[in-house]
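Examining the three-dimensional arrangement
So the chains spell out like this:
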Amino acid sequence: MQPPIPAPYRTRLYAHPQVPLLLARRVTTPDGAQLATYVYGPEGADVEDLLARMPVLALHGNGGSHATFSQVMVPLVAAGKAVVAFDGRAQGRSTRGSEPLTYERFAADAICVLDTLGIDKVHVLGHSDGGIEALLLARDHADRVRSIVAGGANLTPEGVIDEWDTAGSVRGARDWAEWVQEGKLSDRVDADLLPTAKEVLLDAELLQLMLDEPHIEAASLSSISCPTCVLVGEHDCIERTETEAIANAIAGARLVTVPDMGHSLPRKAPDSVAAQVLINIILSEQDN
């Protein structure tokens, strides 16, 4: 019997950001996760000064890394902003830690990064799972958030049009891990060239999160008062009803749909994404 296809879902590799890297360090969470954290900004800028002036915090989607925002960073840095970005736990160059994977845990990780870097307040840019985290940060940590762009976010697992057969990928990953753990590799197969059972089970755990969560009451978002952009592609995999429910729940939220685009806006329409962050920054300055 043919074994399941190896690595049905692996951490995506994107081009490294082509803007100046000002800081790179590991941030340790209370449960021991090591979060690979980066600060990008204008060449020669004083890092402490930039971080004191409300940088942009970038939160990527499931299975990705901070490099999701490689092209989005270019206009933001050109506008003089620092971009703080980290690989979410169990993704990119970050480790898992011991706590269960939840969106609330990911939002807490973001606060841990801000505390470690001594950052008081940020403009948040979140995409996909990161968009969910942006909503949770603005709702639950309003004192740390000046504005949010929540791109491709959903309120429930049912809010995602499953184009990838996520449940099938989870089953395939678990089957693969079991196959490897039981020593069924052919003597013609070099195991070092394949993902380990541990790696693939971690992929399955991340994907399972999308099947089980989030469970956010739209009404709970009514407490969000900062400038908010709910951003989606015209052909996004998020149910339109959930996108509208998010926007309608937040007073003054701007619902922006990028024409002819799907879910991968940071890679496919980076200038459109950056423009909404910059608009939020202007709006937040007008509020002061």
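Everything in this summary refers to the structure shown in the same document.

Here is what the cut-offs are and how they apply
- Residues numbered from 1 in each chain as written.
- Predicted model: local features only at pLDDT ≥ 70, side-chain atom pairs only at ≥ 80, totals over all residues.
- Heavy atoms only, no water.
- Phe/Tyr/Trp six-rings, centres within 6.5 Å; stacked < 30°, edge-to-face > 60°.
- Helix = DSSP H or I, 4+ residues; strand = E, 2+ residues; numbered from the N terminus.
- Buried < 20%, exposed > 50% of the residue type's maximum accessible area, 1.4 Å probe, protein only.
- Pairing = 2+ DSSP bridges.
- Axes fitted to C-alpha atoms, helices over the stretch in contact; angles between N-to-C directions.
- Contact = heavy atoms within 4.5 Å.
- Salt bridge = Lys/Arg side-chain N within 4 Å of Asp/Glu carboxyl O.
- Expected span 1.5 Å × (residues − 1).
- Core = buried A, V, L, I, M, F, W, Y, C linked by side-chain atoms within 4.5 Å.
- Parallel < 35°, antiparallel > 145°, perpendicular 65-115°, else oblique.
- Left-handed = near helix turned anticlockwise from the far one by under 90°.
- Nonpolar A, V, L, I, M, F, W, Y, C, P; charged D, E, K, R; others polar.

1. Brief notes about the packing of aromatic side chains
One pass over the full model with this rule turns up three aromatic pairs. Measuring from ring centre to ring centre gives 6.3 Å for Tyr 103 and Phe 106, while their planes differ by 75 degrees; the resulting arrangement is edge-to-face. Pair noted here: Tyr 103 and Phe 106 are both in helix H3 (residues 103-117), with a separation of three residues, about one helical turn. Classification of Phe 106 as buried rests on a relative accessible area of 5%.

2. A word on the sheet that holds strand S7 (residues 228-233)
An order of S1-S2-S4-S3-S5-S6-S7-S8 is seen for the eight strands of this open sheet, with the pairing classed as mixed. Either end of the sheet is taken by a strand with one partner, and the two such strands are strand S1 (21-28) and strand S8 (254-258). With direction set aside, neighbouring strand axes in the sheet form an average angle of 20 degrees. The sheet contact formed by S1 and strand S2 (residues 34-40) spans seven bridges and is antiparallel. Within S2, the residue paired with Leu 23 across the bridge is Val 39. Taken strand by strand, H3 contacts S1, S2, strand S3 (56-59), strand S4 (83-86) and strand S5 (122-127), and its axis lies near 120 degrees from that of S1. In this fold helix H4 (residues 129-140) packs onto S3, S5 and strand S6 (145-151), with an angle of close to 150 degrees to the strand it touches most, S6.

3. Here's the deal with the environment of Val 256
Along the chain, the position of Val 256 falls in strand S8. With 25 residues separating them along the chain, Val 256 and Leu 231 place their C-alpha atoms 4.9 Å apart. What Val 256 contacts, discounting residues up to four positions off in sequence, is Cys 229, Val 230, Leu 231, Val 232 and Gln 276.

4. Things to note about the pattern of salt bridges
According to the stated counting rule, one finds eight salt bridges in the structure shown. Between Arg 96 and Glu 205 there is a salt bridge, with the nearest N and O atoms lying 2.6 Å from each other. Of the two residues, Arg 96 sits in the loop between S4 and H3 while Glu 205 sits in helix H6 (residues 197-212), which places them 109 residues apart along the sequence. Under the relative-accessibility criterion, Glu 205 is labelled partly exposed at 28%. Between Arg 139 and Asp 140 there is a salt bridge, with the nearest N and O atoms lying 2.7 Å from each other. Connected through salt bridges with shared partners, the residues Asp 31, Arg 89 and Asp 109 form a single ionic network.

5. A short note on unusual backbone geometry
A cis amide bond links Glu 213 with the next residue in sequence, Pro 214, at an omega value of 5 degrees. Tracing the chain through its elements places Pro 214 in the loop between H6 and S7. A positive phi angle, near 70 degrees, is found at Ala 90, a position not held by glycine. Within the fold, Ala 90 resides in the loop between S4 and H3.

6. Description of H6
With 16 residues, H6 should cover 22 Å at 1.5 Å per step; its first-to-last C-alpha distance of 22 Å lies within 8% of that length. Of all the residues in H6, the buried ones are Ala 197, Val 200, Asp 203, Ala 204, Leu 206, Leu 207, Gln 208, Leu 209 and Met 210.

7. Some thoughts on the nonpolar core
It is characteristic of soluble globular proteins that their nonpolar side chains tend to be buried jointly. Counting 55 residues, the largest nonpolar core has Leu 57, Val 124, Leu 135, Leu 137 and Leu 221 as the members making the most contacts within it. Ranked by the residues each element gives to this core, the list is headed by H3, at nine residues. Apart from residues no more than four positions distant in its own chain, Leu 57 is found in contact with Val 84, Phe 86, Ala 110, Leu 114, Val 122, His 123, Val 124, Leu 125 and Leu 137. Of all hydrophobic cores here, the second largest spans 25 residues; its members include Val 56, Ala 58, Val 149 and Val 256.

8. Some details on the packing of helix H5 (residues 166-181) against H6
Packing of H5 against H6 leaves a shortest axis separation of 9 Å and a crossing angle of 160 degrees. In this view, H5 runs roughly antiparallel relative to H6, as classed from their interaxial angle. Here the hand of the crossing between H5 and H6 comes out left-handed. In this structure, H5 contributes Thr 166, Ala 167, Ser 169, Val 170, Ala 173, Arg 174, Trp 176, Ala 177 and Gln 181 to the contact, and H6 contributes Ala 197, Val 200, Leu 201, Ala 204, Leu 207, Gln 208, Met 210 and Leu 211. Classifying every residue of the contact of H5 with H6 gives twelve nonpolar, four polar and one charged.

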